[in-house]
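Observations on chain architecture
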Amino acid sequence: MKKNYSIRLFTYTALFAALAVLGSFVHFPIGPVKVFPFQHAINVAAGIMIGPWYGMVAAFLAALVRLMMGTGTVFAFPGGIPGVLVVGALYHYFFRRDWVGFLEPIGTVLVGATLSAYLVAPWMEMSATLSFFQISFLFSSFPGSIIGFLLIKVLRKLPWLNIELFNGGE
């Protein structure tokens, strides 16, 4: 039973990473940042369905593949990973309500933009302010969290899908 559960978690992790990569073709640039609302929708679904840790792996893999394909930037790492961590941790350890998906911008805008402005941008020898990254990431994460919330609501209506794989499908 434990082996089957682990295989499902790894499969969903790969699926979410692949969906985020496929969705990366829908983006718009704001300065050096490419805005991907679909990544944040996937973050909401992954955080709720597979939890914060596997969700972070999916976001990392998606950012890595997009960077290697040239469809993403290095800002995808700090821009995507904190959002799924916030949604997954709040959902699985505190609230268990779908509205937690609307909190994805907290991780993306507050944590991700801060990391981008103070660690990644200087490392890349770019001059961009914290407010620039916050606004850019908000344009991506806010609509993405709405799409992700709606996606979870639709997925809950599918009788054959157990939406909560993390914590053994509780």
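Here's a quick rundown of the structure.

Parameters at a glance
- Residues numbered from 1 in each chain as written.
- Predicted model: local features only at pLDDT ≥ 70, side-chain atom pairs only at ≥ 80, totals over all residues.
- Heavy atoms only, no water.
- Helix = DSSP H or I, 4+ residues; strand = E, 2+ residues; numbered from the N terminus.
- Rg over C-alpha atoms; globule rule 2.2 N^0.38 Å.
- Buried < 20%, exposed > 50% of the residue type's maximum accessible area, 1.4 Å probe, protein only.
- Axes fitted to C-alpha atoms, helices over the stretch in contact; angles between N-to-C directions.
- Parallel < 35°, antiparallel > 145°, perpendicular 65-115°, else oblique.
- Left-handed = near helix turned anticlockwise from the far one by under 90°.
- Contact = heavy atoms within 4.5 Å.
- Expected span 1.5 Å × (residues − 1).
- 1 Å grid on protein atoms, 1.4 Å probe; cavity = no way out; pocket = protein on both sides within 12 Å on 5 of 7 lines; lining within 4 Å.
- Points joined across faces, edges and corners; volume = space filled by probe spheres on them.
- Nonpolar A, V, L, I, M, F, W, Y, C, P; charged D, E, K, R; others polar.
- Salt bridge = Lys/Arg side-chain N within 4 Å of Asp/Glu carboxyl O.

Overview of the overall build of the protein
Within the protein, the regular secondary structure consists of 6 helices and 2 strands. Along the protein, helices (α) and strands (β) appear in the sequence α-β-β-α-α-α-α-α when read from the amino end. In terms of C-alpha radius of gyration, the protein reaches 15 Å, essentially the compact-globule figure of 15 Å for 170 residues. Over its C-alpha atoms, taken along the principal directions, the protein stretches across nearly 50 × 30 × 25 Å. Counting the 170 residues in the protein, one finds 49% classified as buried.

Concerning the packing of helix α5 (residues 104–123) against helix α6 (residues 130–156)
Running from amino to carboxyl end, α5 crosses α6 at an angle of 150 degrees, the nearest separation of the two axes being 8 Å. The angle between α5 and α6 places the two elements in the roughly antiparallel class. The hand of the α5/α6 crossing is right-handed. Mapping the contact onto sequence places E104, P105, T108, V109, L110, G112, A113, T114, S116, A117, Y118 and A121 in α5 and L130, F133, Q134, F137, L138, S141, F142 and S145 in α6.

With respect to unusual backbone geometry
Glycine aside, a negative phi is what most residues show, and trans is what most peptide bonds show. Although it is not a glycine, R96 sits at a positive phi angle of roughly 55 degrees. As for its placement among the helices and strands, R96 is situated in the loop between α4 (76–95) and α5.

Here's the deal with helix α3 (residues 51–69)
For an α-helix the count is 3.6 residues per turn, leaving residues at separations of three or four pointing the same way. The terminal C-alpha atoms of α3, which comprises 19 residues, lie 27 Å apart, in line with the 27 Å expected from a rise of 1.5 Å per residue. Positioned one or two residues after α3, G70 has a phi angle of 85 degrees, which is positive.

Some details on empty space enclosed by the protein
Evaluation of the coordinates by the stated rule reveals 1 cavity of 30 Å³ or more. If you add up the space inside the largest cavity, you get close to 140 Å³. Along the walls of the largest cavity sit 16 residues, with K34, F36, H40, F75 and A76 positioned nearest its centre. Put simply, the parts of the chain that give the lining of the largest cavity at least two residues each are β2 (33–35), α2 (37–49), α4 and α6. Looking at the lining of the largest cavity residue by residue, the classes come out as 6 nonpolar, 8 polar and 2 charged.

Remarks on the packing of α3 against α4
Interhelical geometry of α3 versus α4 gives an angle of 165 degrees and a closest axis separation of 8 Å. One element, α3, and the other, α4, form an angle in the roughly antiparallel class. As α3 runs across α4, the sense of the crossing is right-handed. Residues G51, P52, W53, G55, M56, A59, F60, A63, L64, R66 and L67 of α3 pack against A76, F77, G80, I81, V84, L85, G88, A89, H92 and Y93 of α4. When the residues that make up the contact of α3 with α4 are grouped by side-chain class, the tally is 15 nonpolar, 5 polar and 1 charged.

So, the pattern of salt bridges
Taken as a whole and judged by the stated rule, the model has 2 salt bridges. Ionic pairing is found between D98 and K153, a salt bridge with its closest N-O pair at 3.1 Å. Remark: K153 occurs in helix α6 and D98 occurs in the loop between α4 and α5; sequence separation between them is 55 residues. For D98, a relative accessible area of 9% translates into the label buried. The partner of D98 in a salt bridge is R156, with the nearest N and O atoms 2.8 Å apart. Note that D98 is positioned in the loop between α4 and α5 and R156 in helix α6, a separation of 58 residues in sequence. Residue classification places R156 among the partly exposed residues on the basis of a relative accessible area of 34%. Put simply, D98, K153 and R156 are held in one network by salt bridges that share partners.

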